[in-house]
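Listed here are the chains, written in short residue letters.
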Amino acid sequence: MARTTEQRLADLEARIAALEEAAARGPARPGEVEGASGDVFFALNALRAHVTGRGGVVFAGIVRGEEGEDALEWQQGLPVERLVGADWSRMATALDALGNPVRLQVLHAVWEGTRTVAELVERSDFGTTGQIYHHVNHLVAAGWLTTLRRGHYTIPPERVVPLLVILTAASGTP
């Protein structure tokens, strides 16, 4: 069924009104991700509908590959009571592994496609082979890297979004 000119004009007017409304709101602030509805608090609003007790903490993400690979989708959350009751010191190993600038550079290099220690050695900013293995071993022990095959490393899919969440939180951007 063909749409009339009036229907098409009404659709265009509605789209222009939506664009004008979005322009009046201004761009999203740094650190904000706008939902399809235009709501920058879409995740928080959805969380309100699902949590009980003292609340909950949820993080989620969708990471798409640059070359059309399937998107990695991840969500994890816990009730506040469980987080408060946890032994926070048990999380020290995972956090400590990320507390070293060279290890973060190694993770970034692996994220960008570097897969082997030999490739890391070719870069001058990582130190000696022994130093690189020291950092890689810390990252493997903490679960931030995994071995694909002998000498080849990657960030495990289940750690990609948590890593990006920690980096987002550490950035200090509101």
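Use the structure listed above.
Our subject in this report is the structure included herewith. (Residues numbered from 1 in each chain as written. Predicted model: local features only at pLDDT ≥ 70, side-chain atom pairs only at ≥ 80, totals over all residues. Heavy atoms only, no water.)

Digging into the packing of aromatic side chains
(1) Moving on: This structure, assessed with the given rule, holds zero aromatic pairs.
(2) Moving on: The cationic tip of Arg159 hangs over the ring face of Trp144; the distance from NZ or CZ to the ring centre is 3.7 Å. (Phe/Tyr/Trp six-rings, centres within 6.5 Å; stacked < 30°, edge-to-face > 60°. Lys NZ or Arg CZ within 6 Å of the ring centre and 35° of its normal.)

Some remarks on empty space enclosed by the protein
(1) Moving on: Within this structure, the stated rule accounts for one cavity of 30 Å³ or more.
(2) Moving on: Of the volumes computed, that of the largest cavity is approximately 30 Å³.
(3) Moving on: Along the walls of the largest cavity sit Val110, Thr114, Arg115, Thr116, Leu120, Val136, Leu145 and Tyr153, which together make up its complete lining.
(4) Moving on: Counted by class, the lining of the largest cavity contains five nonpolar, two polar and one charged residues. (1 Å grid on protein atoms, 1.4 Å probe; cavity = no way out; pocket = protein on both sides within 12 Å on 5 of 7 lines; lining within 4 Å. Points joined across faces, edges and corners; volume = space filled by probe spheres on them. Nonpolar A, V, L, I, M, F, W, Y, C, P; charged D, E, K, R; others polar.)

Quick look at a nonpolar patch on the surface
(1) Moving on: A cluster of nonpolar side chains, namely Trp88, Met91, Leu95 and Ile166, defines an oily patch on the protein surface of about 410 Å² accessible area.
(2) Moving on: Here Ile166 lies in helix α8 (residues 157–170). (Patch = residues over 30% accessible without salt bridge, like charges linked within 9 Å, V, L, I, M, F, W, Y side chains within 5 Å. Areas by Shrake-Rupley, 256 points an atom, 1.4 Å probe, with all protein chains shown as cover. Salt bridge = Lys/Arg side-chain N within 4 Å of Asp/Glu carboxyl O. Helix = DSSP H or I, 4+ residues; strand = E, 2+ residues; numbered from the N terminus.)

Points about the pairing of strand β3 (residues 146–149)
Within a regular strand, side chains alternate between the sheet's two faces.
(1) Moving on: Sheet topology places β3 next to strand β4 (residues 152–154); three bridges connect them, and they run antiparallel. When the sheet's bridge partners are listed, Arg149 is paired in β4 with His152.
(2) Moving on: The antiparallel hairpin formed by β3 and β4 contains two residues in its connecting segment, where Gly151 sits at a positive phi of about 80°. (Pairing = 2+ DSSP bridges.)

Side note on α8
(1) Moving on: Taking 1.5 Å of rise per residue, the 14 residues of α8 would be expected to cover 20 Å, and the 21 Å separating its terminal C-alpha atoms lies within 8% of that figure.
(2) Moving on: Taken as a whole, α8 has its buried residues at Val160, Val161, Pro162 and Leu163.
(3) Moving on: Taken together, the buried residues of α8 touch β1 (56–63), β2 (72–79) and α5 (101–111).
(4) Moving on: Backbone geometry just after α8 places Gly172 at a positive phi near 75°. (Expected span 1.5 Å × (residues − 1). Buried < 20%, exposed > 50% of the residue type's maximum accessible area, 1.4 Å probe, protein only. Contact = heavy atoms within 4.5 Å.)

A word on the nonpolar core
(1) Moving on: Ranked by size, the top nonpolar core spans 21 residues in total, and within it Val106, Leu107, Val136, Trp144 and Leu145 carry the most contacts.
(2) Moving on: When residues of this core are traced back to their parent elements, those giving at least two are α5, α6 (117–122), α7 (129–141) and α8.
(3) Moving on: It is α5 that provides the largest number of residues to this core, a total of four residues.
(4) Moving on: Setting aside residues up to four positions removed in sequence, Val136 forms contacts with Val106, Val117, Leu120, Leu145 and Tyr153. (Core = buried A, V, L, I, M, F, W, Y, C linked by side-chain atoms within 4.5 Å.)

With respect to α7
(1) Moving on: Taking 1.5 Å of rise per residue, 13 residues should cover 18 Å, and α7 covers 18 Å from first to last C-alpha, within 8% of that figure.
(2) Moving on: Contact partners of the buried residues in α7: α4 (92–97), α5, α6 and β4.
(3) Moving on: With its phi angle positive at about 90°, Gly143 sits one or two positions after the end of α7.

Some remarks on the side chain of Thr116
(1) Moving on: Relative to the elements of secondary structure, Thr116 occurs in the loop between α5 and α6.
(2) Moving on: Exposure remark for Thr116: the relative accessible area of 15% places this residue in the buried category.
(3) Moving on: Each residue touching Thr116, except ones within four places of it in the same chain, is listed here: Gly151 and His152.

Quick word on the pattern of salt bridges
(1) Moving on: Taken as a whole, this structure holds one salt bridge when the rule is applied.
(2) Moving on: Arg123 serves as the salt-bridge partner of Asp125, at 3.5 Å between the closest nitrogen and oxygen.
(3) Moving on: Owing to a relative accessible area of 35%, Arg123 belongs among the partly exposed residues under this scheme.

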